[in-house]
Each structure stands twice: as structure tokens, then as C-alpha cells.
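# Geometric and topological summary
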Amino acid sequence: LWVEDAIAGVTAKMQGALQEQEDIVSRSDLVKSELQDAVAKAKASTQVAQVQMEAKKVVAAEAFKNMIENRDICEAARKAEEEGQETLNNIAAEKESFEGVISNQLEVIKVGTFENVSAKVNFNELAPFLAKIDLDESLSQALPNTCQRIAADRTPFDALVLNELESRLKGMVDKLTANAAAEAP
């Protein structure tokens, strides 16, 4: 009997140990299942993050491309503005030159005394501007003599020639003013 009791005690202990091991295995399986779920969630989260990162890379690349294009557009606009300003400066300088000719050389010719300046020198200063205005042949031929004649010796035709010259020079100033307005930003 004593052997039977000892075997029964050992069997009970073994069954208890077996139950403990089965409980450990069961808890391990549960932990394993939870860990597998966590790994699956982490993998899914990583895949979502990778997709989002790839999308952000595409957006960033597009933004960089747009930035480069906008930089090029700005550079072209800056260059066009500089060229436009240069054109405006040239028009303004030419207009100022014509205004100077009207107030200086033309006034001396109109007064016709040539007290402080040679009539020929004065006409030679005016001559480059004549090529820039629209003159018919008869006016072009009459101008050198008319412009160098003193006022007392002028004929009515000379007065007509000088009035037409003044009108054409002022017309050029008006044209340059209009050109500047058209070129202005």
C-alpha cells in the first residue's frame, strides 16, 4: 500500500507539474499570438508609413521641380525687366536730347542773330537729329540755308520751313513720350 500511495503521490505531482507545463505552454501560445498580432500590426504600420513616405517623396520632387521652374521664370522676368528698363532709359535719353535740341539749337535758329555761336556750328549740332525725323526732300534741302540765315534776311518760306522743323521735332518728342508710356510697366 505504501508503494501505491507513493506512486499515487508521484503521479499526482507529475500531473500537477504536467498541468503547470500545459498552463505555461498555453500562456506562451497566448503571448506568442499577441506578439504575432503586434508584429503584423507593426508590419502594416510600416507599410503604410513607407507608402506615405513615397508619396511625400513624389510631392517633394514635384515641389522642387516647381521651385526650379519658378526660379527660371523669375530670372527671365528679371532679365526682361532689366531690358525694359534699358529701353525706357534709352527712350528717355533720346527724348531729353530732342528737348535739348528744341530749347537750344532750334531757339538759336529761330532768334536768328547767332551772336554767341556760329550758324554753321549750330546747324551741325542739329543735323544728326534731322535724320531721325520724317522730312520730305524739299524740307531737307531747304533746312541748311534757312537754319543758317539771320532772322532779318529770312523769307516767308523760311518761316514756314522753321515752323515745320519745330513741329516735326516736337512731334518726335511726343512720339518718344508715347513710346515710353507704352514700354512702362
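Report follows, based on the coordinates. (Residues numbered from 1 in each chain as written. Predicted model: local features only at pLDDT ≥ 70, side-chain atom pairs only at ≥ 80, totals over all residues. Heavy atoms only, no water.)

## A short note on the side chain of Gln105
By secondary structure assignment, the location of Gln105 is in helix α1 (residues 2-111). Within polar-contact distance, the side chain of Gln105 engages the side chain of Glu125 at 2.7 Å. Those residues in contact with Gln105 that sit more than four places away from it in its chain are Gly100, Asn122, Glu125 and Leu126. (Helix = DSSP H or I, 4+ residues; strand = E, 2+ residues; numbered from the N terminus. Polar contact = N/O pair within 3.5 Å; in protein donor to acceptor, adjacent residues only side chain to side chain. Contact = heavy atoms within 4.5 Å.)

## Comments concerning the nonpolar core
With 25 residues, the main nonpolar core has Leu126, Leu143, Leu165 and Leu169 as its most contacted residues. Of all the elements in the fold, those that place two or more residues in this core are α1, α2 (119-130), α3 (137-148) and α4 (156-183). In terms of residue count, α4 provides more of this core than any other element does, 7 residues in total. Non-local contacts of Leu169, meaning those with residues more than four positions away in its chain, are made with Phe98, Val101, Ile102, Leu106, Leu126 and Ile133. (Core = buried A, V, L, I, M, F, W, Y, C linked by side-chain atoms within 4.5 Å. Buried < 20%, exposed > 50% of the residue type's maximum accessible area, 1.4 Å probe, protein only.)

## So, the pattern of salt bridges
By the definition in use, this model includes 11 salt bridges. Asp72 is paired through a salt bridge with Arg71; the nearest N and O atoms lie 3.3 Å apart. Exposure remark for Asp72: the relative accessible area of 40% places this residue in the partly exposed category. For the salt bridge of Glu94 with Lys132, the shortest nitrogen-to-oxygen distance reads 3.9 Å. Of this pair, Glu94 sits in helix α1 while Lys132 sits in the loop between α2 and α3, placing them 38 residues apart in sequence. By relative accessible area, which is 45% here, Lys132 ends up partly exposed. One connected set of salt bridges, linked through shared partners, spans Glu107, Lys110, Glu166 and Lys170. (Salt bridge = Lys/Arg side-chain N within 4 Å of Asp/Glu carboxyl O.)

## Things to note about the environment of Asp5
Secondary-structure assignment places Asp5 in helix α1. Using a relative accessible area of 53% as the deciding quantity, one classes Asp5 as exposed. A C-alpha to C-alpha distance of 100 Å links Asp5 and Cys74, two positions 69 residues apart in sequence.

## Here we look at α1
The end-to-end C-alpha distance of α1 is 157 Å, a good match for the 164 Å that 110 residues give at a rise of 1.5 Å each. When the local axis directions of α1 are compared, the greatest deviation, roughly 30°, occurs at Val101. Taken residue by residue, α1 has Gly84, Leu88, Ile91, Phe98, Gly100, Val101, Ile102, Gln105, Leu106 and Ile109 as its buried positions. Its buried side turned inward, α1 meets α2, α3 and α4. (Expected span 1.5 Å × (residues − 1). Bend = angle between axes of the 7 residues up to and from the residue.)

## Looking at the packing of α2 against α3
Two numbers describe how α2 lies on α3: the axes approach to 9 Å, and their chain directions differ by 145°. Here the hand of the crossing between α2 and α3 comes out right-handed. In contact with Ala119, Lys120, Phe123, Leu126 and Leu130 of α2, α3 contributes Leu143, Pro144, Cys147 and Gln148. Taken together, the residues of the contact of α2 with α3 break down into 7 nonpolar, 1 polar and 1 charged. (Axes fitted to C-alpha atoms, helices over the stretch in contact; angles between N-to-C directions. Left-handed = near helix turned anticlockwise from the far one by under 90°. Nonpolar A, V, L, I, M, F, W, Y, C, P; charged D, E, K, R; others polar.)

## Here's the deal with the packing of α3 against α4
Axis separation between α3 and α4 bottoms out at 10 Å; the angle between their running directions is 110°. Judged by the angle between their axes, α3 and α4 are roughly perpendicular. Contacts between α3 and α4 involve Leu139, Ala142, Leu143, Thr146 and Cys147 from the first element and Phe157, Asp158, Val161, Leu162, Glu164, Leu165 and Arg168 from the second. Counted by class, the contact of α3 with α4 contains 8 nonpolar, 1 polar and 3 charged residues. (Parallel < 35°, antiparallel > 145°, perpendicular 65-115°, else oblique.)

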